[in-house]
Amino acid sequence: MFASPCIAPPFARVFFYLCTKDGTLGYMISRYSAHGLTWIDLEKPTEAETRLITEEFNIPSLVGQEILDSTLRSKVDLYPNFLYLILHFPLLNTINTNGTEQEVDFIIGKQFLITVRYELVEPVSIFAKLFESNSLTDHSATPVHGGFIFMQMIKAFYKHSLQELEEMATILKQIENNIFSTQEKSVVRDISYVSRKLLDFKQSIRFHGEVLHSYETSSKRLFGETYSYYAEVIMSEYRKVSTMLESNRDMLAELQRTNNSILSSKSNEIMKKFTIMTFVMLPLTLITGIFGMNTLADVIFIRSRGDFFFVIILMFVLGIVMYLFFKVRRLL
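Residues numbered from 1 in each chain as written. Predicted model: local features only at pLDDT ≥ 70, side-chain atom pairs only at ≥ 80, totals over all residues. Heavy atoms only, no water.

(A) Structural detail: the packing of helix H4 (residues 146-179) against helix H6 (residues 208-223). Two elements in contact, H4 and H6, have axes separated by 12 Å at closest approach and are oriented at 160°. Judged by the inter-axis angle, H4 sits roughly antiparallel to H6. The handedness of the crossing between H4 and H6 comes out as left-handed. For the pair H4 and H6, the contacting residues are Gly146, Gly147, Phe150 and Tyr158 in the first and His208, Leu212, Tyr215 and Phe223 in the second. Its residues assigned to classes, the contact of H4 with H6 shows 5 nonpolar, 3 polar and no charged. (Axes fitted to C-alpha atoms, helices over the stretch in contact; angles between N-to-C directions. Helix = DSSP H or I, 4+ residues; strand = E, 2+ residues; numbered from the N terminus. Parallel < 35°, antiparallel > 145°, perpendicular 65-115°, else oblique. Left-handed = near helix turned anticlockwise from the far one by under 90°. Contact = heavy atoms within 4.5 Å. Nonpolar A, V, L, I, M, F, W, Y, C, P; charged D, E, K, R; others polar.)

Shown next, in the form of structure tokens:
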């Protein structure tokens with residue numbers, strides 16, 4: 001199906017380009033190496049890519065079939081020579097046509113780490129620059145294996161998530177300012193937007209706690225008891241994200257209750273004014289109604305222009321009395 005590899009362009013990391021018989025580019029695999037450790041990064045893997053990687057690292061074909069397509073189910077599986085982990089990470093501030101979360105599959109061995117993604121994932125690109133600079137693996141006292149590199153990568157993912165949550169916290173602060181600057185109606189739309197974003201975030205990481213807890217147990221069987229520290233670091237990073245998420249959701253709930261209270265108070269104030277206006281106009285309407293009835297001439301005492309103005313003045317005085325009454329009772 002494929003001929004010999006074609007020449008890849010120079011770059012800090014190593015790419016493998018396999019070409020078809022007619023010389024066109026078939027697929028690409030990103031390979032990073034440092035201190036005897038190999039990191040393979042696959043984006044939208046094909047069957048040929050998957051077969052090449054599974055054969056090289058002795059990965060069962062069942063896992064190879066799983067990484068061909070994304071899945072909605074997060075999980076961790078322990079194999080004799082590696083751990084297979086699936087996690088979903090949220091997208092808050094990135095325009096993504098595929099949804100509100102990104103899936104990343106991790107195959108973690110003692111001497112290798114394989115990541116599989118199905119679109120551009122920003123934390124992976126950031127981590128690649130750190131890996132290339134050897135800033136992650138240049139500590140002689142640190143055991144360098146796939147589990148250690150996975151820990152560093154997860155920290156990059158959760159750091160990115162924390163940055164997104166901090167941006168949401170900034171938006172919440174702006175919403176708070178708008179609530180107390182007579183912009184309550186526009187705030188309703190902003191609250192709905194942030195609420196949807198935070199709900200999507202929570203849905204994305206809802207299984208992280210259980211999966212990482214299982215990973216903590218399984219990883220010690222693969223890497224030894226000394227790995228428990230790094231597994232706890234991963235759980236600690238997750239708890240930071242979870243705590244900040246709940247903090248943002250609590251703040252949003254308080255802002256929503258405050259905004260609803262202000263809107264309700266203003267609505268009640270408007271209704272009170274309309275009620276008072278109606279009550280003031282009621283006796284005036286009653287007077288005009290009485291004197292507007294079709295009756296006999298000797299029943300109605302208005303027989304001259306002076307009588308007419310007397311009724312008008314009476315209505316005016318009665319209106320002032322009603323206004324002063326509500327003013328003294330502090331209803332206005």
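What follows continues from the structure just given.
(B) Structural view of the pattern of salt bridges. In this structure the tally under the stated criterion is 9 salt bridges. For the salt bridge of Arg117 with Glu43, the shortest nitrogen-to-oxygen distance reads 3.2 Å. Taken as a pair, Arg117 in strand S7 (residues 112-117) and Glu43 in strand S3 (residues 37-43) lie far apart in primary sequence, 74 residues in all. Owing to a relative accessible area of 38%, Glu43 belongs among the partly exposed residues under this scheme. Its salt-bridge partner being Lys173, residue Glu176 comes within 3.5 Å of it at the nearest N-O pair. Here the residue Glu176 and the residue Lys173 both occupy positions in helix H4, the gap between them amounting to 3 residues, near one helical turn. A relative accessible area of 24% places Glu176 in the partly exposed class. A relative accessible area of 45% places Lys173 in the partly exposed class. The network of salt bridges with common partners includes Asp41, Glu43 and Arg117. (Salt bridge = Lys/Arg side-chain N within 4 Å of Asp/Glu carboxyl O. Buried < 20%, exposed > 50% of the residue type's maximum accessible area, 1.4 Å probe, protein only.)

(C) Molecular detail of the packing of aromatic side chains. This structure, assessed with the given rule, holds 15 aromatic pairs. Geometrically, the ring pair formed by Phe148 and Tyr230 is edge-to-face, given 5.8 Å between the ring centres and 85° between the ring planes. Here Phe148 is found in helix H4, whereas its partner Tyr230 is found in helix H7 (residues 228-291), with 82 residues between them in sequence. Tyr230 carries the same exposure label as Phe148, and that label is buried. (Phe/Tyr/Trp six-rings, centres within 6.5 Å; stacked < 30°, edge-to-face > 60°.)

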